[in-house]
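Below, each chain spelled out in residue letters.
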Amino acid sequence: MHPKDLVVQTFRQRFNREPEHLALAPARVNLLGEHVDYNDGLVLPAAIDRATYIAFSQANSDHSTLIAGDFAKEVSFTLKSVSAKSNAGGAPLPDWALYPAGVAWALNEAELEVSALDAVYSSNVPRGAGLSSSASVEMAFVIAWQTLGGWTLPPMQRALLGQKAESKYVGVDCGIMDQFASACGVADHLLVLDCRSLEWQTFPIPRNIAIVIADTSVRRKLTSSGYNERHRSCEEAVKILAENLPGITALRDVSVDDFNRLSDQLPVMVERRARHVIEEMERTRQSVRLLDLGRFREFGKIMNECHVSLRDLYEVSIPELDKMVEIAQSLPGCFGARLTGAGFGGCTVNLVEKNSAKNFAEELTARYQRATNLKPEIYICRASEGARII
Ligand code: GLA
């Protein structure tokens, strides 16, 4: 059943009434600028046509009751219990409930009205697949509380509150890219965000280009520790480099030349992580120029280089992602392929000539399956609008 129908049906069954509102928040795919958002770099994501759907109404008490339709689990909390990370009965919140509870917490911290709500949510975004299912849950709940609370925030402010929920409440020290893409997505457009100034622009995806997402079907594990560890390495690099480059506050401030001159001062692993980030920022800057000129073949080459760097320097790939990328890059019509999102499992993103996209998807499915014995899910995605009431 489509998640939109599932949330309405489950709401009726559980709460014996019609939901007053229905909203959705899309997932995202990132074309370039990986692991640079928390280093103040540029990112090039798009919101996609997979989303978290939420049916909701104002509750009749001060308890919020949430149902995760995908795994038929329910939780109740109050604003007070949320601040102790517990449910209304005082027991610790289950992991899945930390995302909506974190949003309630972040909104409350920002002194925005957080009404108690009854809600059911469900999603067709694969979890742990690098497409930001968690940001889409967060953005769906921000829309729900905004609708009931009678306040309105611009999409970027909503994104920042979602990021706060994830980093300070859930404990994944993420950047702003995922929540931004989910909140600010524009149909048929790529987004180009400067994660330092938060200025952003859109770029129409040409008709002859398809963005193909290929899910290895391997789910990531231990992501938050691996992710937070890499974030720490970047901070350590800034601290050491600042001894010779006074005034720098993020890897964004370090040029490739300065880095090459000073890199032997960094511990080996920190050097590798920082090199990825600094070179990826340079790649992203170049790629924006190529987009302007419509030079997708060269843009694709940069995507390929990004994968090598994520694999060898940032060390967030896995053999199945490497295999998916290797096969994709050998197929006709493919301009570029690489892992997308945090890594450690999940999906690749492929830039493909529209006319070849169908064959590409079929061939990639067959060859990946033959090589790994795993059944991938491969689909041509459409860039979509950001989180909204529907
Ligand atoms: C996750 C995080 C993002 C970003 C990517 C890697 O999706 O939530 O903020 O850091 O990883 O680019």
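Residues numbered from 1 in each chain as written. Predicted model: local features only at pLDDT ≥ 70, side-chain atom pairs only at ≥ 80, totals over all residues. Heavy atoms only, no water.

1. A closer look at the sheet that holds strand β8 (residues 200-204)
Line of reasoning, step 1. Read from one edge of the open sheet, three strands run β2-β7-β8, paired in antiparallel fashion. The strands lining the two open edges of the sheet, one partner per strand, are β2 (42-43) and β8.
Line of reasoning, step 2. On the sheet, helix α6 (residues 177-184) packs against β2, β7 (189-194) and β8 and is oriented at approximately 135° with respect to β7. (Pairing = 2+ DSSP bridges. Helix = DSSP H or I, 4+ residues; strand = E, 2+ residues; numbered from the N terminus. Contact = heavy atoms within 4.5 Å. Axes fitted to C-alpha atoms, helices over the stretch in contact; angles between N-to-C directions.)

2. Topic: the site of the ligand
Line of reasoning, step 1. If you check the shell around the ligand, you find Arg-28, Glu-34, His-35, Asp-37, Tyr-38, Cys-174, Gly-175, Met-177, Asp-178, Tyr-227 and Ala-342 and nothing else.
Line of reasoning, step 2. Arg-28 is positioned with one of its side-chain polar atoms (N or O) 3.1 Å from an oxygen atom of the ligand.
Line of reasoning, step 3. The separation between an oxygen atom of the ligand and a polar side-chain atom of Tyr-227 is 2.6 Å.
Line of reasoning, step 4. Its residues assigned to classes, the shell around the ligand shows five nonpolar, two polar and four charged. (Near = heavy atom within 4 Å. Polar contact = N/O pair within 3.5 Å; in protein donor to acceptor, adjacent residues only side chain to side chain. Nonpolar A, V, L, I, M, F, W, Y, C, P; charged D, E, K, R; others polar.)

3. Focus on the pairing of β7
Line of reasoning, step 1. Summarising burial for β7: five of the six residues are buried, a large majority.
Line of reasoning, step 2. When β2 meets β7, the two strands line up antiparallel, connected through two bridges. Note on β7: the bridge partner recorded for Val-43 is Leu-193.
Line of reasoning, step 3. The pairing of β7 with β8 spans five bridges and is classified as antiparallel. Its bridge partner lying in β8, Val-192 is registered against Gln-201.
Line of reasoning, step 4. Between β7 and β8, which pair antiparallel one after the other, the connecting turn spans five residues, and Leu-198 there sits at a positive phi close to 65°. (Buried < 20%, exposed > 50% of the residue type's maximum accessible area, 1.4 Å probe, protein only.)

4. Description of the nonpolar core
Line of reasoning, step 1. In terms of nonpolar packing, the biggest core is built from 132 residues, with Phe-141, Trp-145 and Leu-251 touching the most fellow members.
Line of reasoning, step 2. Ranked by the residues each element gives to this core, the list is headed by helix α4 (residues 133-149), at nine residues.
Line of reasoning, step 3. A domain split of this core shows at least three residues from each of domain 1 (3-204) and domain 2 (209-381).
Line of reasoning, step 4. If we ignore the near neighbours within four places in the chain, the residues touching Leu-251 are Asn-39, Cys-234, Ala-237, Val-238, Leu-241, Ala-274, Val-277, Ile-278 and Met-281.
Line of reasoning, step 5. Val-7, Val-8, Phe-11 and Leu-22 belong to the second largest nonpolar core, which has 11 residues in total. (Core = buried A, V, L, I, M, F, W, Y, C linked by side-chain atoms within 4.5 Å. Domains from an automatic or database assignment.)

5. Notes on the environment of Ala-274
Line of reasoning, step 1. With respect to the helices, strands and loops of the structure, Ala-274 is situated in helix α9 (residues 268-293).
Line of reasoning, step 2. Distance from Ala-274 to Leu-313, taken between C-alpha atoms, is 8.5 Å for residues 39 residues apart in sequence.
Line of reasoning, step 3. The contact partners of Ala-274, leaving out residues within four places of it in the chain, are Ala-237, Leu-251, Phe-259 and Leu-266.

6. Notes on the packing of helix α10 (residues 296-312) against helix α11 (residues 319-329)
Two numbers describe a pair of packed helices, the interaxial angle and the distance between the axes.
Line of reasoning, step 1. The contact between α10 and α11 brings their axes to 12 Å, and the two run at 160°. Classified by the angle their axes make, α10 and α11 are roughly antiparallel. Crossing handedness for the pair α10 and α11: left-handed. Note on element contacts: α11 touches α10 through Leu-321, Asp-322, Val-325 and Gln-329, opposite Asn-304, His-307 and Arg-311.
Line of reasoning, step 2. Classifying every residue of the contact of α10 with α11 gives two nonpolar, three polar and two charged. (Parallel < 35°, antiparallel > 145°, perpendicular 65-115°, else oblique. Left-handed = near helix turned anticlockwise from the far one by under 90°.)

7. Focus: the state of the cysteines
Line of reasoning, step 1. Applying the stated criterion across every chain yields a total of zero disulfides.
Line of reasoning, step 2. Cysteine Cys-195 remains unbridged, with the sulfur of Cys-174 as its closest cysteine sulfur at 11 Å.
Line of reasoning, step 3. No disulfide involves Cys-306; its nearest neighbouring cysteine sulfur is the one of Cys-334, lying 14 Å away.
Line of reasoning, step 4. Look at Cys-306 and you get buried, because its relative accessible area is 0%. (Disulfide = S-S within 2.5 Å.)

8. As for the domain arrangement of the protein chain
Line of reasoning, step 1. Considered domain by domain, the protein chain is made up of domain 1 (3-204) and domain 2 (209-381).
Line of reasoning, step 2. For domain 1 and domain 2, the distance between their C-alpha centres works out to 25 Å.
Line of reasoning, step 3. Interface area, domain 1 with domain 2, both sides summed: about 3,400 Å², of which 61% is carbon and sulfur.
Line of reasoning, step 4. One salt bridge in this structure joins Asp-194 and Arg-252, with 3.1 Å as the shortest N-O distance.
Line of reasoning, step 5. The set of elements that each furnish at least two residues to the side of domain 1 that touches domain 2 consists of β1 (21-30), β3 (45-58) and β7.
Line of reasoning, step 6. Of the residues in the side of domain 1 that touches domain 2, the class split is 16 nonpolar, nine polar and 10 charged. (Buried area = accessible area lost by both parts, 1.4 Å probe. Salt bridge = Lys/Arg side-chain N within 4 Å of Asp/Glu carboxyl O.)

9. Some remarks on the pattern of salt bridges
Line of reasoning, step 1. Scanning all chains against the criterion turns up 27 salt bridges.
Line of reasoning, step 2. With a shortest N-O distance of 2.4 Å, Arg-17 and Asp-118 are connected by a salt bridge. A residue pair is termed long-range when its members are at least 10 positions apart, and Arg-17 in the loop between α1 (3-15) and β1 and Asp-118 in strand β6 (residues 117-123) qualify at 101 residues.
Line of reasoning, step 3. By relative accessible area, Arg-17 is classed as partly exposed at 25%.
Line of reasoning, step 4. On the basis of relative accessibility, which here comes to 7%, the residue Asp-118 falls in the buried class.
Line of reasoning, step 5. One continuous salt-bridge network, built from bridges that share partners, spans Asp-40, Arg-196 and Asp-253.

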